[in-house]
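# Results of the structural survey
So the chains spell out like this:
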Amino acid sequence: MSVSLQPSTEELAHPGQGPAAAQGGNRCLLVFPEFTAASFWNYRAACELMGARYPAAPLGLITVAALLPDSWNCRLVDCNVEQLRDEDIDWADVVFVGGMIAQQRASVALIADLKTRGKTVVVGGPDATASPHLYDAADSLVLGEAEITLPRWLADYEAGATAHLYQCGDGHADMTTSPLPRFDLLKPDRYLHIGIQYTRGCPYNCEFCDIIELFGRVPRPKSTTQIIRELDALYARGHRGHVDFVDDNFIGKKKDVKRLLPVLRAWQEEHGWPFEFSTEASINLADDDELLGMMRDAGFFAVFVGVETPDVGTLETAQKKQNTRRSLADSLRKIYAHGMFVNSGYIIGFDTDPPDISERMLDLIETSATPVNMVGLLFALPGTQLSRRLSREGRLGAGFDEAPDDKGDQCTAGLNFDTRQPRLEILKHYRTVIAESYAPKAYLGRVLRMGAALNCAGKRLNLPWRTRLRELRGFGRLLWRMGLRKDYWPRFWLTLVLLIWRNPRSMRYTVALMALYLHFDAFATNLVARLDAEIGLNEDSVKQSVQRSAVSYQPSALSG
């Protein structure tokens, strides 16, 4: 079965553009601002082992670039992997800026600087779409899905009369018309992985989620032909290894996914298994053995799952009912049994969190043996059902949609609303989960138990010698840094030896998870220190408040 749809020579040179691009035209600089340095997802320590600079490439901006006319010259600067130079800015006729809330402060500062240089600035992306007032300094806000709004801006730009605001309205983009991203603009060796997108949207209705607000509750997939063209383009450019499906919920339309997966497997076989895939999916993936098997057979090795909380009442209140009526730990272990490890997401700070939430969350983390757990404080993202409810209840203050400072991202510096539970108690629960779950013994213990359970039979990744040499060098650096220089080195070596003994086939993935601990160890240490300072300040505030009340209290003449 042949599934290869080989791109033309012109497409390989400039995907999404034709020969006219070489003839000159508008010069467009696309800038991806820097993420908050303290972000959970900022795996810079792990990147250094592999000679990379950042985990993921900016898929959104290279998709925007592919929507521009063939005659435009495009240049991409990702501030997470390189410096934005004066000559880049001077070269540009127009500058596109886009990002998420964790890039908000950097984006706003960049726009202000570009305007002082007299540049035409166009901004888009999820954060500008959710909070456009924060980006008013830009010349044009091209919001929502670029497949809809960017052509309108382009028509006005060519006519010499652009508007300030372009919005999608109630419609959503037809993903079958989304172009082949401009992979040629990337410097792939600077990233751990490169992303592609199969669907947008999610069928569920979680109160705190902004995905359904931005992209709707009807998942919209690309065609299988489109996905194969994107894989062909990545393959032709020499990329090998990790490809991330950056979908909001990869299994949102199971019937479509089950049609795609056999084609993915056939493509992998035809090309000698050059890629391994990761994605994000809802936990009901564990309910479908056929789907799990098809994902394993196509080369998937990792899935992010939003667990959120072990408390059923909170899940129901937050409208995440797909996580109820099940053993969460059993569901996660079911995914391991099909050769895919799980990264989990948790949230603390719901109104309905029980008094023992930290203990129950830690118990689930340990019982499921999930090493990587993104534990965050509840953050009312703008435009969500949660933010609308809190606004009606008078619990949102001015500026709630502004990003936290550089001490953390919206997850680690959340609670941008008046909490029903004592804020001090929420922070203590959060500190407990972070400190205990990312202690070396606990983390490496989960790596060992998950690695022993990970069924890697049939894994067939085939990497070129240059990539394998890069990974071997990274492994050597890991042995030096964790096996010799860290105070938990005995635990590291014990974990490594036991994994080789119990399940050597899982070593590629379990070693990668151990490497991530170089980031999580520092991340947790810094976060716990910040929480200790904040908790101490809050405790002092409580004591001072009690003391002030005692001093100001004067018994009345009628008191008995």
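Residues numbered from 1 in each chain as written. Predicted model: local features only at pLDDT ≥ 70, side-chain atom pairs only at ≥ 80, totals over all residues. Heavy atoms only, no water.

## Structural notes on the packing of helix α10 (residues 254–270) against helix α11 (residues 289–298)
A pair of packed helices is characterised by two quantities: the angle between their axes and the separation of those axes. Defined as follows: In this analysis, axes come from line fits to C-alpha atoms, helices being fitted only over the stretch in contact, and the angle between any two N-to-C directions falls in the range 0 to 180 degrees. Put simply, DSSP marks the helices as runs of H or I at least four residues long and the strands as runs of E at least two long, and each gets a number from the N terminus on. In this scheme, roughly parallel covers angles under 35 degrees and roughly antiparallel covers those over 145, while 65 to 115 is roughly perpendicular and the rest are oblique. Crossings are classed by handedness, with left-handed meaning an anticlockwise turn of the near helix from the far one by less than a right angle and right-handed meaning a clockwise turn. Should any heavy atoms of two residues lie within 4.5 Å, those residues are considered in contact. As a working rule, the residues Ala, Val, Leu, Ile, Met, Phe, Trp, Tyr, Cys and Pro are called nonpolar, Asp, Glu, Lys and Arg charged, and the rest polar, with Gly in that last group.
Remark: α10 packs on α11, axes separated minimally by 8 Å, with the N-to-C direction vectors making an angle of 25 degrees. One way to sum up the angle between α10 and α11 is to call them roughly parallel. Here the hand of the crossing between α10 and α11 comes out left-handed. Between α10 and α11, the residues in contact are Lys254, Val257, Lys258, Leu261, Pro262, Leu264, Arg265 and Gln268 and Glu290, Leu291, Met294, Met295, Asp297 and Ala298, respectively. Residues of the contact of α10 with α11, tallied by class, amount to 8 nonpolar, 1 polar and 5 charged.

## Description of the sheet that holds strand β4 (residues 94–98)
In plain terms, the rule: Strand pairing requires that DSSP identify at least two bridges connecting the strands.
Ordered in space as β3-β1-β4-β5-β6-β7, the 6 strands form an open sheet in which the pairing is parallel. Either end of the sheet is taken by a strand with one partner, and the two such strands are β3 (73–78) and β7 (165–166). Across 6 bridges, the pairing between strand β1 (residues 27–32) and β3 is parallel. For Leu29, the partnering residue across the bridge sits in β3 and is Arg75.

## A short note on the pattern of salt bridges
Two side chains with opposite charge may pair up if their charged atoms get near one another. What counts is decided by this rule: Put simply, a salt bridge is a Lys or Arg side-chain nitrogen that is within 4 Å of an Asp or Glu carboxyl oxygen.
Following the criterion strictly, the structure yields 44 salt bridges and no others. As a salt-bridge pair, Asp88 and Arg75 come within 3.0 Å of each other at their nearest N and O atoms. Here Arg75 lies in strand β3 and Asp88 lies in helix α4 (residues 86–91), a separation of 13 residues in the sequence. Asp351 serves as the salt-bridge partner of Arg389, at 3.9 Å between the closest nitrogen and oxygen. Of this pair, Arg389 sits in helix α15 (residues 385–392) while Asp351 sits in the loop between β14 (341–348) and α14 (357–368); the two residues are 38 residues apart in sequence, bridging distant segments of the chain.

## Observations concerning the environment of Trp41
Relative to the assigned elements, Trp41 resides in the loop between β1 and α2 (44–49). Each C-alpha atom of the pair Trp41 and Gly125 lies 19 Å from the other, and the pair is 84 residues apart in sequence. Setting aside anything within four residues of it in sequence, one finds Trp41 in contact with Pro55, Phe304 and Met374.

## Some remarks on a nonpolar patch on the surface
Basically, it comes down to this: Here, patches come from residues exposed beyond 30% relative accessible area and free of salt bridges, joined within 9 Å for like charges and within 5 Å for nonpolar side chains (Val, Leu, Ile, Met, Phe, Trp, Tyr). The accessible surface values rely on the Shrake-Rupley method and a 1.4 Å probe; as for residues, cover is taken only from the protein chains in view. Exposed residues in this analysis have more than 50% of their type's maximum accessible area, buried residues have under 20%, and partly exposed residues fall in between, with area computed by a 1.4 Å probe over protein chains only.
On the surface, Trp480, Leu484, Trp489 and Trp493 cluster together to form a nonpolar patch covering roughly 460 Å² of accessible area. Within the secondary structure, Leu484 is located in the loop between α18 (465–483) and α19 (489–502). Exposure remark for Leu484: the relative accessible area of 54% places this residue in the exposed category.

## Let's talk about the side chain of Arg395
Note the cut-off: Any pair of nitrogen or oxygen atoms within 3.5 Å is treated as a polar contact; in protein, a donor-acceptor pairing is required on top of that, and neighbouring residues in sequence qualify only through side-chain atoms on both sides.
For Arg395, the position within the fold is in the loop between α15 and α16 (423–437). Here Arg395 falls in the buried class, since its relative accessible area comes to 6%. Of note is the side chain of Arg395, whose polar atom sits 2.9 Å from the backbone oxygen of Asp418. When neighbours within four sequence positions are excluded, Arg395 is seen to be in contact with Asp351, Arg389, Leu390, Phe417, Asp418, Thr419 and Arg420.

## Overview of the state of the cysteines
As a reminder of what qualifies: Throughout, disulfides are identified as pairs of cysteine sulfur atoms within 2.5 Å of each other.
This structure, assessed with the given rule, holds 0 disulfides. The thiol sulfur of Cys74 is not disulfide-bonded, and the nearest other cysteine sulfur, from Cys28, lies at 5.0 Å.

## What about unusual backbone geometry?
Positive phi is not limited to glycine here, since Glu308 has a value of about 75 degrees. Examined against the element boundaries, Glu308 turns out to sit in strand β13 (residues 300–308). Positive phi is not limited to glycine here, since Leu415 has a value of about 60 degrees. Note on placement: Leu415 falls in the loop between α15 and α16. Residue class for Leu415 comes out buried when judged on its relative accessible area of 4%.

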